[in-house]
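# Examining the three-dimensional arrangement
Below are the chains, spelled out letter by letter.
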Amino acid sequence: MEKFEDIKALLIATFGEEVVLGEDLNCTPKALMIKSGKIDAVCSELFTNKTAYFDSLSCLTGLDNGPEKGTIEVVYNLYSIPYECALMLKSELSRNKPEIPTVSHIWQTANWHEREAYDLLGIHFIGHPDLRRILMPADWEGHPLQKDYIEPEKYRGMETVRKEEE
């Protein structure tokens, strides 16, 4: 299954029209906007369905759209090695409570990608087997890639913010 429209039709036939919230044709690869509560089921279908077989999660990342918009996005870049086909999935979450099901049971690489998105953006991946910080110290406060994040001036007695030279 190589065509974007065929993949979209497969998902709609399997889950109903409400699962695909839209599409983004201006990115590479083309993206489907997926209802966040169904992302794990959609990913599982795309992995197990022999006509799609997206056997690789190339990247999973998060994007803070800022306090003005009030949303965070999770972006999944999938690739089917046997079909040489790429697909992007996007899910939008509330910035106040960014939660989405894990896909780490589908692709092992999601384990670390989800931990990074949790650590830096505060996205909670429901069902993740070990959701804890991966880059920042365990006792770090806040999530540094949130647009309104304010870095603490000190951490464990050490200055973290470089003071302007006078």
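What comes next concerns the included structure. (Residues numbered from 1 in each chain as written. Predicted model: local features only at pLDDT ≥ 70, side-chain atom pairs only at ≥ 80, totals over all residues. Heavy atoms only, no water.)

### Observations concerning the sheet that holds strand β4 (residues 71-80)
Convention followed: The pairing criterion is simple: DSSP has to find at least two bridges between the two strands. Secondary structure elements follow DSSP: runs of H or I no shorter than four residues count as helices, runs of E no shorter than two count as strands, and numbering proceeds from the N terminus. Lines fitted to the C-alpha atoms define the axes, with helices restricted to the stretch that makes contact. Angles between their N-to-C directions range from 0 to 180 degrees. We call two residues contacting when some pair of their heavy atoms lies within 4.5 Å.
The five strands are arranged β1-β2-β5-β4-β3 in an open sheet whose pairing can be described as mixed. In this open sheet, the two edge strands, each paired with only one partner strand, are β1 (20-24) and β3 (56-64). The average angle at which neighbouring strand axes cross in this sheet is 20°, direction not considered. Looking at chain direction, β1 and strand β2 (residues 31-34) are connected through four bridges and run antiparallel. Counterpart to Glu23 in the pairing with β2 is Leu32. The sheet contacts of helix α4 (residues 110-121) involve β3 and β4, and relative to β3 the element is tilted by about 5°.

### Points about the packing of aromatic side chains
Describing an aromatic ring pair means giving the distance of the ring centres and the angle of the ring planes. Note the following rule: Planes of paired rings set the category: under 30 degrees apart is stacked, over 60 is edge-to-face and the rest tilted, where pairs are Phe, Tyr or Trp rings (Trp by its six-membered ring) whose centres lie within 6.5 Å. Exposure is judged per residue with a 1.4 Å probe applied to protein chains only, and the accessible area is read against the type maximum: over 50% gives exposed, under 20% gives buried, and values in between give partly exposed.
With the rule as written, the count across this model stands at three aromatic pairs. Centroid distance Phe47 to Tyr53: 5.8 Å. Interplanar angle 40°. Geometry classified as tilted. You can call Tyr53 partly exposed: its relative accessible area is 32%. Taking 5.0 Å as the distance between ring centres and 50° as the angle between the ring planes, the aromatic pair formed by Trp140 and Tyr155 counts as tilted.

### With respect to the environment of Tyr76
Relative to the assigned elements, Tyr76 resides in strand β4. Taking the relative accessible area as the measure of exposure, Tyr76 reaches 0% and is therefore buried. Distance from Tyr76 to Cys59, taken between C-alpha atoms, is 6.0 Å for residues 17 residues apart in sequence. Tyr76 has contacts with Ile39, Leu57, Cys59, Leu60, Leu87, Met88, Leu89, Ile100, Pro101, Val103 and Phe125, leaving out every residue within four places of it along the chain.

### What to know about the nonpolar core
Note the threshold: Put simply, a nonpolar core is a bunch of buried Ala, Val, Leu, Ile, Met, Phe, Trp, Tyr and Cys residues held in one set by side-chain atoms that sit within 4.5 Å of each other.
Of all hydrophobic cores here, the largest spans 33 residues; its most connected members are Leu46, Tyr76 and Leu89. Put simply, the parts of the chain that give this core at least two residues each are α1 (4-15), β2, α2 (39-48), β3, β4, β5 (85-94) and α4. Apart from residues no more than four positions distant in its own chain, Leu46 is found in contact with Ile7, Leu10, Leu11, Ala52, Tyr53, Phe54, Leu78, Leu87 and Leu89.

### Observations concerning the side chain of His113
Relative to the helices and strands, His113 is located in helix α4. Not counting the four nearest positions on each side in its chain, His113 is found in contact with Ser58, Cys59 and Leu60.

### Let's talk about the packing of α1 against α2
As a reminder of what qualifies: Note on angle classes: values under 35 degrees are labelled roughly parallel, values over 145 roughly antiparallel, values of 65 to 115 roughly perpendicular, and the remainder oblique. Each crossing is labelled by how the near helix is turned from the far one, with a counterclockwise turn of less than a right angle marking it left-handed and a clockwise turn marking it right-handed. The classification used treats Ala, Val, Leu, Ile, Met, Phe, Trp, Tyr, Cys and Pro as nonpolar, Asp, Glu, Lys and Arg as charged, and all other residues, Gly among them, as polar.
Orientation of α1 relative to α2, taken along the N-to-C sense of each, is 120°, at an axis distance of 11 Å. The angle between α1 and α2 places the two elements in the oblique class. α2 is crossed by α1, and the crossing has right-handed handedness. Taking contact as the criterion, the partners of Ile7, Leu10, Leu11, Thr14 and Phe15 in α1 are, on α2, Ala41, Val42, Glu45 and Leu46. Of the residues belonging to the contact of α1 with α2, the class tally is seven nonpolar, one polar and one charged.

### So, unusual backbone geometry
Backbone torsion omega between Thr28 and Pro29 reads -5°, so that peptide bond is classified as cis. Take Pro29: it is sitting in the loop between β1 and β2. Not every positive phi belongs to a glycine, and Tyr53 is a case in point at roughly 40°. Relative to the helices and strands, Tyr53 resides in the loop between α2 and β3. Despite not being glycine, Arg156 shows a phi value in the positive range, around 50°. By the secondary structure assignment, Arg156 is in the loop between β8 (154-155) and β9 (158-159).

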